[in-house]
Amino acid sequence: MRLSDAVRLNDEAGRFAGIALAMVRVDYFRQFYSYYTLHERDVLALILVDTSVLYIRPFPDTAINRSLSSSPLFTTVLKTSASGSATWRSALDGVERVYGYARLEQYPLIVTAGYDRDAIRMAWFSANAADVVLNLVLLVMITGMGMFVLRQVKANVRNQLELSDGQADQADRLKQQADRVLYKAKSNDRNRIHDMS
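Note that the structure is predicted; figures quoted are calculated from it, not measured.

A.B. asks: Even after reading the chapter, I still don't get the environment of Tyr99, so can you show me in this structure?
C.D. replies: Note on placement: Tyr99 falls in strand β6 (residues 96-103). A C-alpha to C-alpha distance of 9.6 Å links Tyr99 and Asp42, two positions 57 residues apart in sequence. Excluding residues that lie within four positions of it along the chain, Tyr99 makes contacts with Gly84, Ser85, Ala86, Trp88, Ser90, Thr112, Ala113 and Gly114. Among the polar contacts made by the side chain of Tyr99, one reaches the side chain of Arg97 at a distance of 3.4 Å.

As structure tokens, this is what we get:
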């Protein structure tokens, strides 16, 4: 299969002077893009600025020349930036991917690479599963230690309150005893004075 594009040529007076035809074999793109390793649902694409697919891997050749005008790439993403990354659902197969994209300055082309979002999440989780488990264990240990310390602080406060209440009661008892002793002493003094007189 070949991709071709034709342009009308005009002479200086604006009359028809012929047609310039450019043809590129699809196998060229197939061979060029075959060097890149893709996972099952990843995508590499070369798209014309008029929204038609020039080549897309791993889709079949029937996807070539399909219009992607409804794709978020053309409806929103390229309107804000000529290059970057974003996440959107593919207009061809409905799979949500994280895309990197760039509109070329010298040619009317857009290059995109899309990576399956679920596969990225699973790869991240499998690479970080040990760290996640370790962090959860540490979180449980720290929470347990915090609860233990909190219980100890509450017990200490309760003991302090009981001790201060006990000390206050003991102080009251001592004051009452002192008052009784003082009262008895005064009574004895009065009785002695009364006896002497």
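Next, the rest of the story.
A.B. asks: When you look at helix α1 (residues 26-33) in this model, what are you seeing that I'm missing?
C.D. replies: Since there are 3.6 residues in each turn of an α-helix, residues three or four apart along the chain are aligned in direction. Every buried residue of α1 is listed here: Val26, Phe29 and Tyr33. The buried residues of α1 all sit within an arc of 60 degrees when viewed along its axis, so they share a single face.

A.B. asks: What should I look at first to understand the pattern of salt bridges in this one?
C.D. replies: Opposite charge on two side chains makes pairing possible when the charged atoms of those side chains draw close. Counting across every chain of the model gives six salt bridges. One salt bridge in this structure joins Arg41 and Asp116, with 3.4 Å as the shortest N-O distance. Within this pair, whereas Arg41 is found in the loop between α1 and β3 (43-48), its partner Asp116 is found in strand β7 (residues 109-116), the two being separated by 75 residues in sequence. For Asp116, a relative accessible area of 7% puts it in the buried group. Of the charged contacts, one joins Asp93 and Arg97 as a salt bridge, the two residues approaching to 2.7 Å between their closest N and O atoms. Look at Asp93 and you get partly exposed, because its relative accessible area is 34%. Given a relative accessible area of 1%, Arg97 falls into the buried group. In the salt-bridge network here, residues are joined through shared partners; they are Arg89, Glu96 and Arg117.

A.B. asks: Please clarify how the environment of Leu68 should be interpreted in this entry.
C.D. replies: With respect to the element layout, Leu68 can be found in the loop between β4 (53-57) and α2 (72-80). Here Leu68 is in contact with Ile47, Thr51, Val53, Phe74, Ala91 and Leu92, once residues within four sequence places are set aside.

A.B. asks: Looking at this model, I keep getting lost on the sheet that holds β6. Mind explaining?
C.D. replies: To summarise the sheet geometry, strands pair through backbone hydrogen bonds and adopt either a parallel or an antiparallel arrangement. Reading across from one edge, β4-β3-β7-β6-β5 is the order of the five strands in this open sheet, with antiparallel pairing throughout. The sheet terminates laterally at β4 and β5 (83-89), the two strands that pair on one side only. Taking the axes of each pair of neighbouring strands and ignoring which way they run, one obtains an average angle of 20 degrees across the sheet.

A.B. asks: Mind showing me how you'd approach α2 here?
C.D. replies: Of the positions making up α2, those classed as buried are Leu73, Phe74, Val77 and Leu78. Down the axis of α2, the buried set is contained in an arc of 115 degrees. They therefore lie on one face. What points out from α2, more than 90 degrees from its buried face, is the exposed set Lys79 and Thr80.

Cut-off values and rules
- Residues numbered from 1 in each chain as written.
- Predicted model: local features only at pLDDT ≥ 70, side-chain atom pairs only at ≥ 80, totals over all residues.
- Heavy atoms only, no water.
- Helix = DSSP H or I, 4+ residues; strand = E, 2+ residues; numbered from the N terminus.
- Contact = heavy atoms within 4.5 Å.
- Polar contact = N/O pair within 3.5 Å; in protein donor to acceptor, adjacent residues only side chain to side chain.
- Buried < 20%, exposed > 50% of the residue type's maximum accessible area, 1.4 Å probe, protein only.
- Arc of directions from axis to C-beta.
- Salt bridge = Lys/Arg side-chain N within 4 Å of Asp/Glu carboxyl O.
- Pairing = 2+ DSSP bridges.
- Axes fitted to C-alpha atoms, helices over the stretch in contact; angles between N-to-C directions.

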